[in-house]
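Architecture and fold: a report
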Protein chains: 2
Amino acid sequence: MVDRWYNIAADLPAVLAPPKDPDEGESRIGLLTRILPSALIDQEFSAERWISIPEEVRDAYRRVGRPTPLLRAEGLERALGTGVRIYYKYEGVLPVGSHKLNTALAQAYYAKADGAVEVATETGAGQWGMAVSLAAALFGLRAVVFMTRSSYNSKRQRLTFMRTYGATVYPSPSEVTEAGRRHYRPDHPGSLGIAISEAVEYVLSGEKRRYLPGSVLEFVLMHQTVIGLEAVRQLPEEPDAAVACVGGGSNFAGFTYPMIGMKLRGEGFDKTRFVAVEAEAAPKLTKGEYKYDFPDAVGVLPMIKMYTLGHDYVPPPVHAAGLRYHGAAPSLSLLRKLGIVEPLSYPQEEVMKAAVLFARTEGIVPAPESAHAIRAVLDLAKKLPRGSVIAFNLSGHGLLDSDAYEKFL
Amino acid sequence: MVDRWYNIAADLPAVLAPPKDPDEGESRIGLLTRILPSALIDQEFSAERWISIPEEVRDAYRRVGRPTPLLRAEGLERALGTGVRIYYKYEGVLPVGSHKLNTALAQAYYAKADGAVEVATETGAGQWGMAVSLAAALFGLRAVVFMTRSSYNSKRQRLTFMRTYGATVYPSPSEVTEAGRRHYRPDHPGSLGIAISEAVEYVLSGEKRRYLPGSVLEFVLMHQTVIGLEAVRQLPEEPDAAVACVGGGSNFAGFTYPMIGMKLRGEGFDKTRFVAVEAEAAPKLTKGEYKYDFPDAVGVLPMIKMYTLGHDYVPPPVHAAGLRYHGAAPSLSLLRKLGIVEPLSYPQEEVMKAAVLFARTEGIVPAPESAHAIRAVLDLAKKLPRGSVIAFNLSGHGLLDSDAYEKFL
């Protein structure tokens, strides 16, 4: 069991641009310090390479199924017949079905350590909301989730499981907050931006509440490095390519940063390429601009320097809701800028085809998000010489995404 | 990795009544020999204690995630505060989310060994259909599934995943078979009996086809003993009670038979009680009669001696569709008759309450079927003295049963 997280800030070959406030309005950085668990603020700005995982969090990791398995994709290899060996780390064994739980457990622990009794967050399709709901339950906290109303009405499964875990879930815009009431009408589809504003306001308007963010912030990426730290121990050989999909970057960072760190320090993985796969519907790394922008659509949070399509960019609706995000985390954006990470993007149809091939050869129905990585692996397996090795992160299963498969088939 | 299945026939303290033909009509036993993979007929009547698991099946077990974990229910123990230690074996890590895959893989292998290119079966809620679809895909066989029309229309998720795995799924009654056409109307809800008749007819009407049954037959129970054989190795202490739910008996047998066998042979588990938990909606072990009856509603298969509510018994619709079965497998029925297995039954409302408590304390949302075992564990934990030990089988997760949770909450 891994006992510390890896902080890539210690090894980056260039200075990571810090979050900053916009020229106008109140300080967003000041706001962050009032709504986040305090330890997370320290982690966000830490330059320490290794951060100890508190014993209670390690214990929670163990109870939910860590370390997760590293598997050889023998069936897929046979189907491809390219003589390339393929390994994947599988985060879908976690009870919520995705990697999101790794940081939710850490954040819930730090909220409790601050004396909080309640945590709040926003969610779209519900992966993050489900992770927070379970983490809160396991640490004895109440959870309040603002879920975009269109998802609240159409994604009943994850909504139901958030409630099964004991969370209170409001469709956003809701009538519970000022921010919600400003937009409220029964048929408003909602947006992640409004939902974030509601969660933040909810936290500020009561005692002993903390806000838990699901991606983009550096501490979120760092918590996810348990994935890659385990993978480094489990991989029988160093891959020629390490692949993961990118929404905000936490799944990609979680899997690859420990390897990238070793490469940067000259300790291994020197021949490994790092491939970040995004949805063609939200191609920030392949087509975005590198600049300061808000990580949320309404500008509640501090600006960060990143590849972005603009914080008001609205991606077309695709199955991989978790990849419909306009920007990439600061450290990931910097690594892409420096050429250490290579971006790729794929259209949905090709991705779902790869997902079905994977299900039939490996047995696991992949989440549409994770299937982006699989799509890239198929390409790489054809292009790389025989005997090459590919490793990728299967960040979640698709058992709660049957609508995506039904539409595709 | 376990390399042989356990056949309890070798250790039963009384003779197991064999399947028999009804007084009228064609031989059902003769029919079985024409539709099943041939090795399975041998296994059904074998008196050997140990049956080697073919290397290809062991390999498939490994690839889908065996051995599955044995976990300590620390969160549930704390919530109960009764000083009882609780362990559970978790089959939900298998990609289809339940134990059904253990026998589906074995049966698909034996079908292929017979030279079959196609397998057919029936399914209600879809757990068995999903397991057969994946097993067929992994062994390079085509799968045809007859799914009761009411489930076909309402259980879209498992239907979609069967297709994702490549299966052809017909709503039953279908227009594909004579048996289906006899009952066909677009609004006929279908029944498992009709669906079985369709699958059997489909197999008989073509070349290189085999029929795969999901429960009740003794070889099905035997394949599931991988669960208990692993558990015996993994359990750090012998339990005072071993608990599992009962539909037809394969999940219960899979978990407990290796322990019951050791008890019968005087090799251990001498203080262990074996508790079989059924739905109050289908209480064959608690209220049924011990006699010869058909295992299927229309009498296609041979009669078996079992506790039964009558093969025409129609249980009320409950969330735990997998437990809505009128009989219990012959060996399980005999063990109950002999007092070696104790039956218990619970109503749905109490079971779902236990399921929610388990989700909030352990993180895993249990299948409504498996939650019956959890409900019994709560009772036992209160009744047994402090320091007692309980082990149960969590046969599957409930991520494809959100409708059950939505209705309950």
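Keep in mind that what you see is a predicted model, and the values were worked out from it rather than measured.

**A look at the environment of B:V119**
Residue and element names in this part refer to chain B. By the element assignment, V119 lies in strand β5 (residues 118-123). C-alpha of V119 to C-alpha of P236: the two residues are 117 residues apart in sequence and 40 Å apart in space. What V119 contacts, discounting residues up to four positions off in sequence, is A111, V132, A136, L141, R142, A143, V144, R210 and L212.

**Brief notes about the interface of chain B and chain A**
With 35 residues of chain B at the interface, the matching set in chain A holds 35 residues. Summed over both partners, the interface of chain B with chain A buries about 3000 Å², with 56% contributed by carbon and sulfur atoms. The interface formed by chain B and chain A contains six salt bridges. Of the charged contacts, one joins A:E74 and B:R62 as a salt bridge, the two residues approaching to 3.2 Å between their closest N and O atoms.

**Some words on the domain arrangement of chain A**
Residues and elements named next belong to chain A. Annotation of chain A at the domain level lists domain 1 (4-53 + 100-215) and domain 2 (66-98 + 219-408). Computed over C-alpha atoms only, the centres of domain 1 and domain 2 are separated by 22 Å. Taken together, the contacts link 53 residues of domain 1 with 49 residues of domain 2. Roughly 4200 Å² of surface becomes buried between domain 1 and domain 2 when both sides are summed, with 68% attributable to carbon and sulfur atoms. Interface area lost by domain 1 to domain 2 is led by Y6, I8 and N102, which between them contribute 15%. Counting across the domain 1 and domain 2 interface gives three salt bridges. Of the charged contacts, one joins K155 and D403 as a salt bridge, the two residues approaching to 3.4 Å between their closest N and O atoms. Applying the counting criterion to the domain 1 and domain 2 interface returns 16 residue pairs in polar contact (both at pLDDT 80 or more). Residue assignment for the side of domain 1 that touches domain 2 shows that the elements contributing at least two residues are β1 (4-6), α1 (28-35), α2 (38-45), β2 (50-52), α5 (101-113), α6 (127-138), α8 (156-164) and α10 (192-204). Among the residues making up the side of domain 1 that touches domain 2, the classes are represented as 33 nonpolar, 11 polar and nine charged.

**Focus on the sheet that holds strand β8 (residues 209-211) of chain B**
Residues and elements named next belong to chain B. Reading across from one edge, β7-β6-β5-β8 is the order of the four strands in this open sheet, with parallel pairing throughout. The two strands at the open ends of the sheet, each matched to only one other strand, are β7 (168-172) and β8. Averaged over all pairs of adjacent strands, the angle between their axes in this sheet comes to 20°, without regard to strand direction. Note: β5 against β8, three bridges, orientation parallel. Within the sheet, the bridge partner assigned to E118 lies in β8 and is R209.

**Topic: helix α2 (residues 38-45) of chain B**
Residues and elements named next belong to chain B. Three or more residues of α2 are buried, namely L40, I41, Q43 and E44. Across the axial projection of α2, the buried residues extend over an arc of 165°, all falling on one side. Contacts made by the buried residues of α2 are with β1 (4-6), α1 (28-35), β2 (50-52), α5 (101-113) and α11 (218-223).

**Remarks on the relation of the copies chain B and chain A**
Each copy of the sequence occupies a distinct position, and chain B is placed on chain A by a rotation of 180° and an axial shift of 0.0 Å, giving an RMSD of 0.0 Å. On this basis, the relationship between the two copies can be described by a two-fold rotation axis. No C-alpha of chain B approaches the rotation axis more nearly than that of B:V93, which lies at 3.0 Å. Both copies contact each other with a shared surface, as 100% of the interface residues of chain B are interface residues in chain A too.

**Here we look at unusual backbone geometry**
A cis amide bond, omega 0°, links A:S172 with the succeeding residue A:P173. Mapped onto the fold, A:P173 is located in the loop between β7 (168-172) and α9 (178-183). Residue B:P67 follows B:R66 across a cis peptide bond; omega there is -5°. As for its position among the elements, B:P67 is in the loop between α3 (55-63) and β3 (70-72). With phi around 55°, A:F269 is a residue other than glycine that occupies positive phi space. On the accessibility criterion, A:F269 (3% relative accessible area) is buried.

About the thresholds
- Residues numbered from 1 in each chain as written.
- Chains lettered and ligands numbered in written order.
- Predicted model: local features only at pLDDT ≥ 70, side-chain atom pairs only at ≥ 80, totals over all residues.
- Heavy atoms only, no water.
- Helix = DSSP H or I, 4+ residues; strand = E, 2+ residues; numbered from the N terminus.
- Contact = heavy atoms within 4.5 Å.
- Buried area = accessible area lost by both parts, 1.4 Å probe.
- Salt bridge = Lys/Arg side-chain N within 4 Å of Asp/Glu carboxyl O.
- Domains from an automatic or database assignment.
- Polar contact = N/O pair within 3.5 Å; in protein donor to acceptor, adjacent residues only side chain to side chain.
- Nonpolar A, V, L, I, M, F, W, Y, C, P; charged D, E, K, R; others polar.
- Pairing = 2+ DSSP bridges.
- Axes fitted to C-alpha atoms, helices over the stretch in contact; angles between N-to-C directions.
- Buried < 20%, exposed > 50% of the residue type's maximum accessible area, 1.4 Å probe, protein only.
- Arc of directions from axis to C-beta.
- Least-squares fit on C-alpha atoms with pLDDT ≥ 70 in both.

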